[in-house]
Amino acid sequence: GDWWNPAGCWPMLESLRKAMAPGKMITTECNADPYIRFFDGYLTWHWQAENMVPAFPAVYAGAVQMFGRNYGAGASTRDLALCTKMGQQLVFGEQIGWLSPSIAAEPVAGRFLRLTVRMRDRFRRYFSAGEMARPPALLGEMPRVRSDWAWFGETWITTDAVLTGAWRLPSERSAVLLYVNVSDQPVAVRTRVRPADLGAPARGVRWSRLTDPDGEAQPSEAPAAFTVGPREILAFEARW
């Protein structure tokens, strides 16, 4: 019947939204399309699969905030699993975390956690008010990494060593591209960036490059060929 939707949950959630005080929000565990207009945040803790793509944030970023992953990790690949989840969260546009605070004290995962959180904070407006653009393509052979994400038992996940993401603010004529190396080795990158994928004109785009989220961005050319250091994040911001 219709006791779940639309007769049950939808009227309940609609009445809650009407009664909400200004500045309040409603979040829920997991993400599902039928409820998108009622919630402000989705806990995406179950995104733990092989070959994931950011289809959901590509459609709904800006309509709902996505936050959190389950941070299980097998002992033999713990650092890599944790760092890969953090990197994927960053390029997918999720708030980083839903993890034990003790991870912040770990020498490898803790450092990368601070880096991803600060980098996300540096570009937070893209994630709160912007939209996802097509992630920049990586050309040629790319090293692959494999780690146990420990999702209800062993769960081996393989990804590129460098994860990419792109976010834009059309009304402010700007975009940011992210290249996240989750491995412990430097990776030489060749990439293709098409201005049309960012909603930018073919000419007149000004680029800057940032590795330290607390530092000053440096003028740059459009990303084409560069090296991303071990567990480093490179951000290229475009304005036009």
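Per chain, residue numbering runs from 1 following the sequence as it is written. Per-residue local features of the predicted model are confined to residues with pLDDT of at least 70, and side-chain atom pairs are confined, for both listing and counting, to 80 or more; whole-chain, interface and lining totals are unaffected and use all residues. Only heavy atoms go into the side-chain values, all of them from the structure, while hydrogens and water stay out.

Description of the overall build of the protein chain
Point 1. Along the protein chain, the regular secondary structure elements total six helices and 14 strands.
Point 2. Relative to the compact-globule value of 18 Å for 240 residues, the protein chain shows a C-alpha radius of gyration of 19 Å, a close match.
Point 3. Contacts in the protein chain between residues at least 24 apart in sequence constitute 66% of all its contacts with a sequence separation of at least 6.
Point 4. Only four residue types enter the tally: Lys and Arg on the positive side, Asp and Glu on the negative side, with His and both chain ends excluded. To locate a charge, take atom NZ for lysine, CZ for arginine, CG for aspartate or CD for glutamate. For the protein chain, the distance from the average site of its 27 positive side-chain charges to the average site of its 24 negative ones is 5 Å. Secondary structure elements are defined from DSSP: runs of H or I of at least 4 residues count as helices, runs of E of at least 2 residues count as strands, and each element is numbered from the N terminus. Radius of gyration: C-alpha atoms only; globule rule: 2.2 Å multiplied by the number of residues to the exponent 0.38. Should any heavy atoms of two residues lie within 4.5 Å, those residues are considered in contact.

Concerning the nonpolar core
Point 1. Counting 67 residues, the largest nonpolar core has Tyr42, Met86, Phe112, Phe123, Leu178, Tyr179 and Leu198 as the members making the most contacts within it.
Point 2. Considering every element that reaches this core, the biggest residue donor is helix H3 (residues 78-92), with eight residues.
Point 3. Ignoring any residue separated from it by four or fewer positions in sequence, one finds Phe112 in contact with Cys83, Met86, Gly87, Val180, Asn181, Val182, Arg231, Glu232 and Ile233. In these notes, a set of buried Ala, Val, Leu, Ile, Met, Phe, Trp, Tyr and Cys residues joined through side-chain atoms within 4.5 Å is what counts as a nonpolar core. Buried, partly exposed and exposed residues are distinguished by accessible area as a fraction of the type maximum, computed with a 1.4 Å probe on protein chains only: under 20%, between the cut-offs, and over 50%, respectively.

Topic: the sheet that holds strand E5 (residues 137-138)
Point 1. Pairing is antiparallel in the open sheet, where three strands are placed in the order E5-E10-E13. Every other strand in the sheet has two partners, leaving E5 and strand E13 (225-228) as the edge strands with one partner each.
Point 2. Note on pairing: two strands pair once DSSP finds at least 2 bridges between them. Note: E5 against strand E10 (residues 187-192), two bridges, orientation antiparallel. Within the sheet, the bridge partner assigned to Leu138 lies in E10 and is Thr191.

A short note on the pairing of strand E14 (residues 233-239)
Point 1. Counted residue by residue, E14 has six buried out of seven residues, so it is predominantly covered.
Point 2. Alignment of strand E9 (residues 174-181) against E14, held across seven bridges, turns out to be antiparallel. Bridge pairing in E14 places Leu178 opposite Ala235.

Points about the environment of Lys18
Point 1. Within the secondary structure, Lys18 sits in helix H1 (residues 9-19).
Point 2. Under the relative-accessibility criterion, Lys18 is labelled exposed at 70%.
Point 3. Measuring from C-alpha to C-alpha, the distance between Lys18 and Glu29 comes to 21 Å, with 11 residues separating the pair along the chain.

Topic: the state of the cysteines
Point 1. Any cysteine sulfur atom paired with another within 2.5 Å is treated as part of a disulfide. Within the structure shown, the criterion is met by zero disulfides.
Point 2. The structure places no disulfide on Cys9, whose sulfur is separated from the nearest cysteine sulfur, that of Cys30, by 14 Å.
Point 3. We classify Cys9 as buried; its relative accessible area is 15%.
Point 4. Judged by its relative accessible area of 25%, Cys30 is partly exposed.

Points about H3
Point 1. Between its terminal C-alpha atoms H3 stretches 21 Å, which fits the 21 Å expected from 15 residues at 1.5 Å a residue.
Point 2. The element H3 is extensively covered by neighbouring structure, given that 13 of its 15 residues are classed as buried.
Point 3. Backbone geometry just after H3 places Gly93 at a positive phi near 90°. For a helix, the expected span equals 1.5 Å multiplied by the number of residues minus one.

Here's the deal with the environment of Leu115
Point 1. Mapped onto the secondary structure, Leu115 falls in helix H4 (residues 109-122).
Point 2. The exposure class assigned to Leu115 is buried, which follows from its relative accessible area of 8%.
Point 3. Taking the C-alpha atoms as reference points, Leu115 and Gly87, 28 residues apart in sequence, are found 9.9 Å from one another.
Point 4. The residues touching Leu115, leaving out its near neighbours within four places in the chain, are Thr211, Pro213, Arg231, Glu232 and Ile233.

Quick notes on the side chain of Asn181
Point 1. Examined against the element boundaries, Asn181 turns out to sit in strand E9.
Point 2. In this structure, Asn181 is in contact with Phe112, Ala161, Val162, Pro186, Val187, Val228, Gly229, Pro230, Arg231 and Glu232, ignoring residues within four places of it in sequence.

A short note on unusual backbone geometry
Point 1. Cis geometry is adopted by the peptide bond preceding Pro6, which originates at Asn5 and carries an omega value of 5°.
Point 2. One can find Pro6 in the segment before H1.
Point 3. Of note, the phi angle at Arg173 is positive, near 50°, even though the residue is not glycine.
Point 4. Mapped onto the elements, Arg173 comes out in the loop between strand E8 (162-169) and E9.

Purely geometric stuff here, so don't read any function into it on its own.
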